[in-house]
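Architecture and fold: a report
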Amino acid sequence: MTKITFLGSCREIGRAGILITSNNGRKCILDYGIGFQKDARLPLPVNIKNLKGVALTHAHVDHSGALPKLYKEKQVPFYTNPISLRISEILIKDSLNISKYNFQFGYRELEKLRNNAWFLEEGIRQKIDENFYITFINAGHIPGSVSILIEVDGKNILYSGDINTQNTNLCFPTSTENLPPIDCLIIESTYALKTHPNREMLEKNFVDKISNVISNGGKILIPAFAVARSQEVLLILHKYNYNDQIYVDGLSRKICTSYLNYPEALKDYKIYKKALKKAKFISRQIDRGSIKKENAVFIASSGMLKGGAVMEYLKTILRDPLSAIYFVGYQVEDSPGRTLLDKGYFDYKRDHGSVVEDLSPIRVVAKCDYEYFDFSSHADGTQLLEYVNGLKFRDGSQVFCIHGDEKSTTRFSSSLVKKGYNSVAPEIGEEYMI
Ligand SMILES: [Zn+2]
Ligand SMILES: [Zn+2]
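Residues numbered from 1 in each chain as written. Chains lettered and ligands numbered in written order. Predicted model: local features only at pLDDT ≥ 70, side-chain atom pairs only at ≥ 80, totals over all residues.

**Quick notes on the overall build of the protein chain**
Heads up, the rule is: Helix and strand definitions here come from DSSP, where helices need a minimum of 4 consecutive H or I residues and strands a minimum of 2 consecutive E residues; each element is numbered from the N-terminal end. For the radius of gyration, the atoms used are the C-alpha atoms, and the globule rule reads 2.2 Å times the number of residues raised to 0.38. Residues are defined as contacting one another if the C-beta atoms placed from their backbone atoms lie within 7 Å.
Helix and strand counts for the protein chain come out as twelve helices and 22 strands. The C-alpha atoms of the protein chain give a radius of gyration of 22 Å, which matches the 22 Å a tight globule of 434 residues would have. Its C-alpha atoms put the protein chain at 65 × 50 × 40 Å along the principal axes. Long-range pairs, those at least 24 residues apart, make up 72% of the contacts in the protein chain between residues at least 6 apart in sequence.

Right, dumping it as structure tokens:
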């Protein structure tokens, strides 16, 4: 029997981690990310005896962020690809720099992770031990993202990672074609209960609104996730021939330029280069002071207004009725971005130096326009179901629904049961034999 242990991302988004143990005790870990809840930042610890390999689906920190912890004492191959390694490194360094949490690893372990990296091309079957193979398959989620097919003890396990079955400007979609019959599917459920709007119409509407605000003398702030979303926004603006001034700042800028080194991971490298040329990249404080006054589009991270370069532009835009803040990524519950969307204000933390007694935030009610555009890089409910239906299953196969909140994972799994699949939304620490 083969054992699957769920180390995280069970009924939550964050700290993805799956341990596969073969019938002779050899192990492989798929993803090892960090979590976003206060007291649940790491996946469960693993006894690394007999660990034969670690494989990563993509660079987002909820999948990659805790990988260095596995490299404290052990040197095992880390299966990834060049773009995921580079972007993971940037993001892990960033989280080590800004987070006050003790992740139990540092730069030394990150370097060890890099030194053990082993690049796998999509579609190439890699042996990690006797009767134990992994194959990467394009996942369509962000550049470099893959699903992982594990062949172990004669069984086929498919771990979707984060997937997108729809075309975006940055990536080709994932596909279930050419996959062998499987015994076990571990699938993400992020948007299992949602339906995304029509992409073309959304893109057009987005660019029209931006042009309108700019031509009326306003500014546009786009708080965007640094990885993939900022670049997708630039590609959309380019696609609709947007020719006014665009600035990119913060971690978004760093990722934009890093992507230039990996043409093989991008859908259309030439178009990407052209789209990037239309933007100016900002890194110096002196420049920020002057450009803030311009009627321009500012793309900056963090995507949920939790800090980062976006804060530089927020204050002036919040108070300006001619300007707008357009969110392009999901805003989690209680994030400052979500509060702005739902309640129309932003709370600034007080500067501790001056007023010691009063720690209540300074509330700024938004006078500008604000809106959320659902440019998701995940499949929605219908698309996830189509993905499952597109697979060939062997008798007695199982489907595990992870990487979604309690409601999404359990309801997605129940809907699969109703359709005749043997499905469950596992809880953290649970082990299943297949
Ligand atoms: Zn992701
Ligand atoms: Zn994820």
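**With respect to unusual backbone geometry**
Backbone torsion omega between Ser301 and Ser302 reads 10°, so that peptide bond is classified as cis. Take Ser302: it is sitting in the loop between strand E15 (297-300) and helix H9 (310-318). Non-glycine residue Asp31 carries a positive phi angle of around 60°. Along the chain, Asp31 turns up in strand E3 (residues 27-32).

**What to know about the nonpolar core**
The condition that has to hold: Each nonpolar core consists of buried Ala, Val, Leu, Ile, Met, Phe, Trp, Tyr and Cys residues. Their C-beta atoms, within 7 Å, join them into a set. We call a residue exposed when 12 or fewer other C-beta atoms sit within 10 Å of its C-beta, buried when the count reaches 20 or more, and partly exposed for counts in between; the C-beta positions come from the backbone.
Of all hydrophobic cores here, the largest spans 117 residues; its most connected members are Ile18, Ile20, Ile220, Leu221, Ile222, Phe298 and Ile299. Once residues within four sequence positions are removed from consideration, Ile299 is found in contact with Ile222, Ala224, Ser230, Val233, Ile246, Val248 and Ser252.

**Quick word on helix H11 (residues 381-390)**
Each full turn of the α-helix corresponds to 3.6 residues, which orients residues three or four apart in the same direction. Convention followed: What the arc measures is the spread of directions leading from the helix axis to the C-beta atoms.
Among the residues making up H11, those that are buried are Gln383, Leu384, Tyr387 and Val388. Within H11, the buried residues cover an arc of 140° as seen down the axis, which keeps them to one side. Considering only its buried residues, H11 is in contact with strand E11 (182-188), strand E20 (393-402) and helix H12 (406-418).

**A few points about the sheet that holds strand E12 (residues 220-223)**
What counts here: Any two strands between which DSSP finds at least two bridges are classified as paired. Simply put, an axis is a line fit to the C-alpha atoms, just over the touching stretch for a helix, and the angle between two N-to-C directions goes from 0 to 180 degrees.
With parallel pairing, six strands are arranged side by side in an open sheet as E14-E13-E15-E12-E16-E19. A single partner strand is all that each edge strand has here, and the edge strands are strand E14 (279-282) and strand E19 (369-372). Strand after strand, the sheet turns through a mean of 20° between neighbouring axes, direction not considered. Here E12 pairs with strand E16 (residues 324-327) via two bridges, running parallel. Residue Ile220 lies in a different strand from E16, and its bridge partner there is Ala324.

**Focus on the domain arrangement of the protein chain**
Interface extent is often summarised as the accessible area lost during association of the parts. Cut-off, in case you're wondering: Each domain's limits were defined by an automated method or a database of domain assignments.
Under the domain assignment, the protein chain is made up of domain 1 (3-194 + 377-433) and domain 2 (199-372). Taken over C-alpha atoms, the centre of domain 1 sits 30 Å from the centre of domain 2. At the interface, 18 residues of domain 1 touch 17 residues of domain 2.

**Topic: the sheet that holds strand E6 (residues 117-119)**
As summarised here, the arrangement of the seven strands in space is E6-E5-E4-E3-E2-E1-E22, forming an open sheet in which the pairing is mixed. On the outer flanks of this sheet lie E6 and strand E22 (431-433), each paired with one strand and no other. With strand direction ignored, the average angle separating the axes of adjacent strands in the sheet is 25°.

**As for the packing of helix H5 (residues 229-239) against helix H7 (residues 269-277)**
Note the threshold: Should an angle fall under 35 degrees it is called roughly parallel, over 145 degrees roughly antiparallel, and 65 to 115 degrees roughly perpendicular, with every other angle called oblique. Classes in brief: Ala, Val, Leu, Ile, Met, Phe, Trp, Tyr, Cys and Pro nonpolar; Asp, Glu, Lys and Arg charged; the others, Gly included, polar.
Running from N to C, H5 and H7 cross one another at 90°; their axes reach a closest spacing of 9 Å. Considering their axes alone, H5 and H7 lie roughly perpendicular with respect to each other. Two secondary-structure elements touch here, H5 through Leu234, Leu235 and His238 and H7 through Ile271, Tyr272, Lys274, Ala275 and Leu276. The class makeup of the residues in the contact of H5 with H7 is six nonpolar, one polar and one charged.

**Overview of the pairing of strand E10 (residues 155-159)**
For a regular strand, side-chain orientation follows a simple rule: the groups alternate between the two sheet faces. E10 sits mainly inside the fold: four of its five residues count as buried. Joining the antiparallel neighbours strand E9 (residues 146-152) and E10 is a turn of two residues, in which Asp153 adopts a positive phi near 50°.

**Brief notes about H5**
For H5, the tally of buried residues reaches ten of eleven residues, placing the bulk of the element in the interior. Those residues of H5 lying buried are Arg229, Ser230, Gln231, Glu232, Val233, Leu234, Leu235, Ile236, Leu237 and His238. Taken from the residues just after H5, Asn241 is the one with a positive phi, measuring 55°.

**Considerations on the environment of Ile246**
Tracing the backbone shows Ile246 in strand E13 (residues 246-249). Residues Ile246 and Val54, 192 residues apart in the sequence, show an inter-C-alpha distance of 40 Å. Residues within four places of Ile246 in sequence aside, it is in contact with Leu237, Lys278, Ala279, Ala296, Val297 and Ile299.

**Regarding the environment of Pro43**
Its location among the elements puts Pro43 in the loop between E3 and strand E4 (51-55). Considering only alpha carbons, one finds Pro43 and Ala16, 27 residues apart in sequence, at a separation of 6.7 Å. Apart from residues no more than four positions distant in its own chain, Pro43 is found in contact with Leu7, Gly8, Arg15, Gly17, Tyr32, Gly33 and Ala66.

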